[in-house]
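# A closer look at the structure
Residue-level listing of the chains:
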Amino acid sequence: MMSLIFQFGRILFICFLAELLSALLPLPIPASVYGLLLMLAALGLKLIKLDQVKQASSFLVGILPILFLVPAVGIMSLWAELRAFLLPCVLAAVPVTILVMAGSGLVTQWVQSLRKKGGKGRD
Amino acid sequence: MTELLKNSAVWGILLTVIGYGLGTLINRKTKQAWCNPLLLGILFVILVLSLAKIPYEDYKASAAPLQYLLLPATVCLAVPLYENLSKLKGRFAAVLAGILSGVIISLGSILLMGWLLKMNREQAATLIAKSVTTAIGIDVTQTLGGMVPLASAVIILTGITGNLCAVFVCKLFRITDPVARGVGIGTASHAIGTAKAFEIGELEGAVSSLSVAVAGILTAILAPIAINLFF
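Everything numeric here is computed off the predicted structure, so don't read it as measured data. (Residues numbered from 1 in each chain as written. Chains lettered and ligands numbered in written order. Predicted model: local features only at pLDDT ≥ 70, side-chain atom pairs only at ≥ 80, totals over all residues.)

Now for the interface of chain A and chain B. At the interface, 66 residues of chain A touch 94 residues of chain B. At the level of secondary structure, the elements contributing two or more residues to the side of chain A that touches chain B comprise helix 1 (2–24), helix 2 (31–44), helix 3 (54–62), helix 4 (64–73), helix 5 (79–84), helix 6 (86–93) and helix 7 (95–118) of chain A. Here the side of chain A that touches chain B gets 17 residues from one element, more than from any other, and that element is helix 7 of chain A. When its residues are assigned to classes, the side of chain A that touches chain B shows 49 nonpolar, 13 polar and four charged. (Contact = placed C-beta atoms within 7 Å. Helix = DSSP H or I, 4+ residues; strand = E, 2+ residues; numbered from the N terminus. Nonpolar A, V, L, I, M, F, W, Y, C, P; charged D, E, K, R; others polar.)

Pasting the structure below:
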């Protein structure tokens, strides 16, 4: 139990550092991205060991979909604005998303297959 | 009734958990991709609020503690990413190329749509950052003079689309490699899509979280250039 509290404490400490960076640095990067990179760096540099955050972080990552439910319900109060601009919004949300997903996935797969074919022995 | 709800600290969270729980149950029973727990949960909560005539603001205030967890949960996406980093060795070039092309396709499609539908700058700026995580998307929209509430709605719709279509799109375009899947899902549909990527597999989810961060940063840099050049 104590260990979970400490785990949560470490995560919150990284979040706080991230909020500081986001407020102090003049870049349009939100705290969540700084925090993700800071946590990655802390784990990579062994400042934090994996089992010092693992349990609490598995829980938080697991409940992520529930956390998005609340802002998503907010669409109901934006219905009037959404209706006036509906076609572009739906086009941007559905076909463009599928296009981006397919495009970035295929490019990744293609570059990897190029490396496998051309770069034998390099890896 | 409204008074009782106003004084209760947990009904919003309870409603959220019930909605998601019901969604999960229906999803398990039907095994249909469109019976997505998140989508069903959203529809359930909207239905309950509309039937009971409870304003969204009241629900949001009561469910606020969940919002406080959003930053720590996003930061924790770094943990599975770290655990899977070794599997990405030698594939960073492919991952970066994929994310960059996704961001360019996203910006390009919105610019093209803006031109075809004769949008003004405000409208184009509302849609330009639609594929990235809400926090970055809202910052970018605000800086460029777009409509912020509408932009956040489109960002959420984008996430839900990605969450719903991920498996189908990967099958349709024969994206079989877990790393490529993760890049596609994360670049196109940010953290809401990433939740789906984690259901598909740990590596998919880890790469997807990396893609969310990188695509967000790239969009924050490139979207202002795109809008200022064309609108």
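This part is about the packing of helix 8 (residues 92–116) of chain B against helix 13 (residues 202–230) of chain B. Residues and elements named next belong to chain B. Between helix 8 and helix 13, whose axes approach to 9 Å, the crossing angle comes to 40 degrees. By the angle class used here, helix 8 and helix 13 are oblique. The element helix 8 and its partner helix 13 pack so that their crossing is right-handed. Listed contacts from helix 13 to Val95, Ile99, Leu100, Gly102, Val103, Leu107 and Leu111 of helix 8 are Val207, Ser211, Val214, Ala215, Leu218, Thr219, Leu222, Ala223, Ala226 and Phe230. Among the residues making up the contact of helix 8 with helix 13, the classes are represented as 14 nonpolar, three polar and no charged. (Axes fitted to C-alpha atoms, helices over the stretch in contact; angles between N-to-C directions. Parallel < 35°, antiparallel > 145°, perpendicular 65-115°, else oblique. Left-handed = near helix turned anticlockwise from the far one by under 90°.)

Over its 25 residues, helix 8 of chain B runs 36 Å from end to end, which matches the ideal 36 Å to within 8%, given 1.5 Å per residue. Backbone geometry just after helix 8 of chain B places Lys118 of chain B at a positive phi near 50 degrees. (Expected span 1.5 Å × (residues − 1).)

It is worth spelling out the packing of helix 10 (residues 134–144) of chain B against helix 13 of chain B at this point. Residue and element names in this part refer to chain B. Here helix 10 crosses helix 13 at 20 degrees, and the two axes come no closer than 10 Å. Here helix 10 is positioned roughly parallel relative to helix 13, judged by the angle of their axes. In the crossing of helix 10 with helix 13, the sense of the turn from one axis to the other is right-handed. Residues Ile136, Val140, Thr143 and Leu144 of helix 10 touch helix 13, and the partners they reach there are Gly216, Thr219, Ala220, Ala223, Pro224 and Ile227. When its residues are assigned to classes, the contact of helix 10 with helix 13 shows seven nonpolar, three polar and no charged.

For the α-helix, the turn length of 3.6 residues means that residues three or four positions removed from each other point alike. Taken across its 11 residues, helix 10 of chain B has eight buried, putting it largely inside the fold. Here helix 10 of chain B has its buried residues at Thr134, Ala135, Ile136, Gly137, Asp139, Val140, Thr141 and Leu144 of chain B. Buried-residue contacts for helix 10 of chain B involve helix 2 and helix 4 of chain A together with helix 9 (121–127), helix 11 (148–172) and helix 13 of chain B. Phi for Gly145 of chain B, located one or two positions after helix 10 of chain B, is positive at around 85 degrees. (Buried ≥ 20, exposed ≤ 12 C-beta atoms within 10 Å, placed from the backbone.)

Core analysis: the largest hydrophobic core is formed by 109 residues, its most contacted members being Met39 and Leu69 of chain A together with Val75, Ala78, Ile128 and Val154 of chain B. Excluding its chain neighbours within four sequence positions, the residues that come into contact with Val154 of chain B are Cys89, Ala92 and Ala93 of chain A together with Leu127 and Lys130 of chain B. (Core = buried A, V, L, I, M, F, W, Y, C linked by C-beta atoms within 7 Å.)

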